[in-house]
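Structure at a glance
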Amino acid sequence: MPYTRELLDGGWTRSFLARAHPPTVTMPRIKALTSGTIPGFIDIVLNLDSSTLAEDNLISQMHRQDKKLFFYGDDTWMRLFPGHFTEADGTTSFFVTDYTEVDNNVTRHVQPALSNPHWDALILHYLGLDHIGHLGGPTSPLVSPKLQEMDGVIRNIHQALIEQDKSLSLPSLIVLCGDHGMSDAGSHGGASASETITPLVFISSAFKQDQETPVPHPEEVQQIDLAPTLAILLGLPIPQNSLGQAIPAMLEGSLSPREQLRALQLNSYQLSRVLEQNIDSFESDIAYSMYQHALRLHATWLSHTPNSSTRYAQSLFDKAAGQYLKAMGSMRNKVASSLSRYDLHAMGCGVVLLWQVLFLLCYSASSPGTQPSLTPDLKPSLLLLIGCCLAAGITQIALCTAAGGETSELLCIPTIGAGTLPLLLIVTGGSLAAILVSTGGGLKWRQTINKNFQSLSWCEIFLLIGTVFHTLTFAASSFIEEEHQTWYFLTLTLLLAIFIYVTSAAIGQSVDKMAARVAMAVAAALVICRLLRAWNQTGMKWADRPDIGDWFVRPENKTSLSILTMASFMIIYILRCFKRPNYRLLVALVGAYLYRYATGSVDLPVSLPTSQKGLHEARLVYLLVFVSLAGVSLSYGRQFYIAHNQNTNQENSHKNSRKSDMKTADVFRFGQVFDELYDIHIMLVALLLRPHNSAVAAMLVVLHYCIVGVVLPWLQMRAWAVALVHVWMGQASFFAQGNSNSIATVDISAGYVGMSSYVHSVAGLLTCISTYAGPILWMLSLFAYTAKHHSQRYRSAILEVTHTLALTRALPLAFYTVLVSFQRYHLFVWSVFSPKLLYDTMHTYVVTAGIAVLLVHLGIIKWLTHHKMSKTS
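Computed from a predicted model, the values in this text were never measured in an experiment.

The next point concerns the overall build of the protein chain. A count of helical and extended segments in the protein chain gives 34 helices and 7 strands. A burial count over the protein chain gives 51% of its 873 residues as buried. Sequence-distant contacts, at least 24 apart, represent 75% of the contacts inside the protein chain between residues at least 6 apart. As presented, the protein chain carries roughly 40400 Å² of accessible surface, and 62% of it is formed by carbon and sulfur atoms.

On to the pairing of strand S6 (residues 197–203). Counted residue by residue, S6 has 5 buried out of 7 residues, so it is predominantly covered. Here 7 bridges tie strand S1 (residues 13–19) to S6, and the two strands are oriented antiparallel to one another. Along S6, the bridge assignment pairs Thr13 with Ile203. By the bridge criterion, 4 bridges tie strand S5 (residues 174–177) to S6 in an arrangement that is antiparallel. Bridge pairing links Ile174 to Ile203 in S6.

Before going further, it helps to examine the packing of helix H6 (residues 101–115) against helix H8 (residues 143–165). At a minimum axis separation of 11 Å, H6 and H8 run at an interaxial angle of 10 degrees. Comparing the axis directions of H6 and H8 gives the class roughly parallel. When you trace H6 past H8, the crossing you get is left-handed. Contacts between H6 and H8 involve Asp103, Asn104, Thr107, Val110 and Leu114 from the first element and Lys146, Glu149, Met150, Val153, Asn156, Ile157, Ala160, Leu161 and Gln164 from the second.

Attention now goes to the nonpolar core. Formed by 118 residues in total, the largest nonpolar core has its most connected members in Leu463, Leu703, Ile707 and Met717. For Ile707, the contacting residues outside a window of four places in its chain are Leu495, Ala525, Leu712, Pro713, Val725, Met729 and Trp778. In terms of nonpolar packing, the next biggest core, distinct from the first, is built from 59 residues, Leu33, Ile59, Leu275 and Phe317 among them.

Before going further, it helps to spend a moment on a nonpolar patch on the surface. Among the surface-exposed residues, Tyr583, Leu586, Val587, Val590, Leu620, Leu623 and Val627 lie close enough to one another that they form a single nonpolar patch of about 600 Å² accessible area. Of all the secondary-structure elements, those providing two or more residues to the nonpolar patch are helix H25 (583–598) and helix H26 (615–649). Ranked by residue count, the leading element in the nonpolar patch is H25, at 4 residues. By the element assignment, Leu586 lies in helix H25. The partly exposed category is assigned to Leu586, whose relative accessible area is 34%.

Moving on, we come to the side chain of Asn741. Of note, Asn741 is situated in the loop between helix H30 (719–736) and helix H31 (760–771). Engagement of the side chain of Asn741 in a polar contact is seen with the side chain of Glu483, the distance being 2.9 Å. If sequence neighbours within four positions are ignored, Asn741 has contacts with Ile480, Glu483, Met540, Phe735, Val832, Pro835, Lys836 and Tyr839.

As a further point, take the pattern of salt bridges. Throughout the structure, instances matching the rule amount to 20 salt bridges. For Arg576, the salt bridge is made with Asp679, and the minimal N-O distance between the two is 2.7 Å. Note that Arg576 is positioned in helix H24 (residues 558–577) and Asp679 in helix H28 (residues 665–688), a separation of 103 residues in sequence. No difference in accessibility class separates Arg576 from Asp679, as the two residues are buried.

Attention now goes to the sheet that holds S1. An order of S5-S6-S1-S7 is seen for the 4 strands of this open sheet, with the pairing classed as mixed. Edge strands, defined here as strands with exactly one partner in the open sheet, are S5 and strand S7 (219–222). Geometrically, the sheet is characterised by an average inter-axis angle of 30 degrees between neighbouring strands, direction not taken into account. Sheet topology places S1 next to S7; 4 bridges connect them, and they run parallel. Note that in S7 the partner of Arg19 across the bridge is Gln222. Together, S5 and S6 form the strand contacts of H8, whose direction differs from that of S5 by roughly 165 degrees.

This part takes up helix H19 (residues 458–472). With 15 residues, H19 ought to run about 21 Å at 1.5 Å a step, and its terminal C-alpha atoms sit 21 Å apart, in line with that. What H19 keeps buried is the set Cys459, Glu460, Leu463, Gly466, Thr467, His470 and Thr471. Viewed end-on, H19 has its buried residues packed into an arc of 135 degrees, placing them on one side of the element.

Tallied over the entire structure, the rule returns 8 cavities of 30 Å³ or more. Its boundaries defined by the atoms lining it, the largest cavity holds a volume of some 250 Å³. Lining the largest cavity are 24 residues, and of these Val727, Gln731, Thr808, Arg809 and His843 sit closest to its centre. Secondary structure elements with two or more residues in the lining of the largest cavity: H19, helix H21 (483–508), H30, helix H32 (773–789), helix H33 (794–822) and helix H34 (829–872). Here the second largest cavity defines a volume of roughly 80 Å³. Taken together, Tyr488, Thr491, Leu492, Cys529, Leu532, Arg533, Leu703, Met729, Ala732, Ser733 and Ala736 make up the full set of residues lining the second largest cavity. Counting residues per element, the ones that place at least two in the lining of the second largest cavity are H21, helix H22 (513–535) and H30. Per element, the largest residue contribution to the lining of the second largest cavity is 4 residues, and it comes from H30.

The rules behind the values
Residues numbered from 1 in each chain as written. Predicted model: local features only at pLDDT ≥ 70, side-chain atom pairs only at ≥ 80, totals over all residues. Heavy atoms only, no water. Helix = DSSP H or I, 4+ residues; strand = E, 2+ residues; numbered from the N terminus. Buried < 20%, exposed > 50% of the residue type's maximum accessible area, 1.4 Å probe, protein only. Contact = heavy atoms within 4.5 Å. Areas by Shrake-Rupley, 256 points an atom, 1.4 Å probe, with all protein chains shown as cover. Pairing = 2+ DSSP bridges. Axes fitted to C-alpha atoms, helices over the stretch in contact; angles between N-to-C directions. Parallel < 35°, antiparallel > 145°, perpendicular 65-115°, else oblique. Left-handed = near helix turned anticlockwise from the far one by under 90°. Core = buried A, V, L, I, M, F, W, Y, C linked by side-chain atoms within 4.5 Å. Patch = residues over 30% accessible without salt bridge, like charges linked within 9 Å, V, L, I, M, F, W, Y side chains within 5 Å. Salt bridge = Lys/Arg side-chain N within 4 Å of Asp/Glu carboxyl O. Polar contact = N/O pair within 3.5 Å; in protein donor to acceptor, adjacent residues only side chain to side chain. Expected span 1.5 Å × (residues − 1). Arc of directions from axis to C-beta. 1 Å grid on protein atoms, 1.4 Å probe; cavity = no way out; pocket = protein on both sides within 12 Å on 5 of 7 lines; lining within 4 Å. Points joined across faces, edges and corners; volume = space filled by probe spheres on them.

Written out as structure tokens, the structure reads:
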């Protein structure tokens, strides 16, 4: 940006580094820039559907004073400030594959707006650089041309305003800033320095100096300081709830000493009002005392105004200004630390509900019998449940109607009706009942646990201990930040232990060829897991370290990336289709490669015509996905029809054999549906993941072949242990993709592959599939494995699997919500704890959807079995 650099060196600017508060996404950052307030974490969700900004802000202040505002760019502004702009043209900020038209649509308005003298403020929000970051990261070859384009826009605006200033009584001001930064992966939303630090440059002819002076290192300010600074410079009231403090360097030279102290006094008074509204006994607070002291120094300086040129008066001015700044900083910090208000009543109900689910699952899993049941014997506890519900209902009403108490805005409503009270009774009372039921099993429960524990193999014991160990690691924030290390450690340790066990078995039986084959498979799995660990650096502490994926995404290694992607797709097809050809999968993989070729990510030996931004190639893959899903539905319906006819036509003499058939052959045919769903998911993964992660997809398929195809059948573990293995591998795969517990690692560009416009539901679904590609892949593998290897006892195996999946989500969530509740005032609550809770909640939705599909499938199998038995009898 040579022209901007020339302005900086030529003394035209006042430059700063602005630090933003997380979450670093667009909507809360616009709120901060215009209102000076600190947004909440929930704004990450609200960012997808922004509504009118109700808080006092600069835009509303100017609108009330009949200022003419022109706006062009991100339509988030138009949703936050509807009806405020005299002229506006918005573009959607969510269609991240477009980095050209979104900016051209803004630039085409610049020259006409500059030629129009009838505006007071012109806001331009360019999106191209942000979209390039999402697509290719900060090292993308598209970054430099885009910065040069933005430099040209700044040149045109600045030169036009210089000419206009010659005929104006007051100089114009250009504010050049970013709403957020960009992580090393090109995303944003987290709290890293590269995401929170942005440039803040004020450009004006009022700053022009006669001779060039060396530019000092920019001072760091808060992003929310922009609101009160602009309010003072533009003669507007400071937004009512602003926590920003005017930037002193912007007041010097622009205002007289008297005006500077008056501006600081107004800013301090506004902050004291915010302190009064948020802090009890604010008058005794040290921050308010500092403000009072600043007022006294200010008054003393005013009394010496006639002699303001004396050294003593200058010393008083410096002391008063410094005291104002200290007081404002102290008041801001005090208010900011108290802004997080929690609905403890609603939080408590939510935590108890989660523990209710966990205790019911544990009670069901430990109930007497050979297999776990999802419906333990609750008849003895029915009266207890009713009693607890009534007791909880009385407590709920007492809490919501207590005089002078702090009640829940969510759970305590003015009028109780329409089924609200029964729901609250079940939620709160059922929780207590579940705890009592679970602990009321007494000696019988403990005897059952001891009996079951003694029959476990070493591998099953390790899986249980590892799962509990992972949950306990949540007690430390560093383990949450680097959770991938825990899963890598557990999976590699499990595979290493199996390798030692299998190798000893193979040596003990010199002719056991199967054990030797298993040992080779485990060794291959170990190598692949180690390679996956090094492919994408993730976490929060060392995510910026170079990794294998970083090398492949460099522009000079485009040929290597092309070979890698092509080889990965070939490996996927060979391993998935060497027994049964799947031409839809083949065409989908070719379409995914051509999409990457159309977007410029990979090369081909020959030049081929492509559609704009690969729209047609991506849509070909989507078409194949829909066709495959339709084929799966027809195949499932056909199997149902065949099984139903067999039930109708069978004879009494074949009762036993037919019953056995339903448990083996029919179940296996029904189970093949999940194999086909696995292939469909591979189609989407090949299309949606970043190009260098095509190798991750290939390695996951190889890992699936080694572990699921060779190792697990040889170990012959119980269904719940097999489910835990799949859960572990799914969690490790989640982080191997480059994901972490930071919002910044969500690849939102996946939600716009093959899209020509923004569709909220479709973008959300595609982003979810891309983010949880690994866990979904292993979950589908688990369902297919259960149908293939547990067909003799399919119903009980399915119950074990669903039960285990539910437990693996309930256990960490129940434990983690308690920890987060206690740590709600922790320094990292918004940057570490809250994003992790958001990820786990979404993961629970994904697993719950899988459980629902499996239980519906089980219901159909159960109906066919029952129908066959009734026909036979």
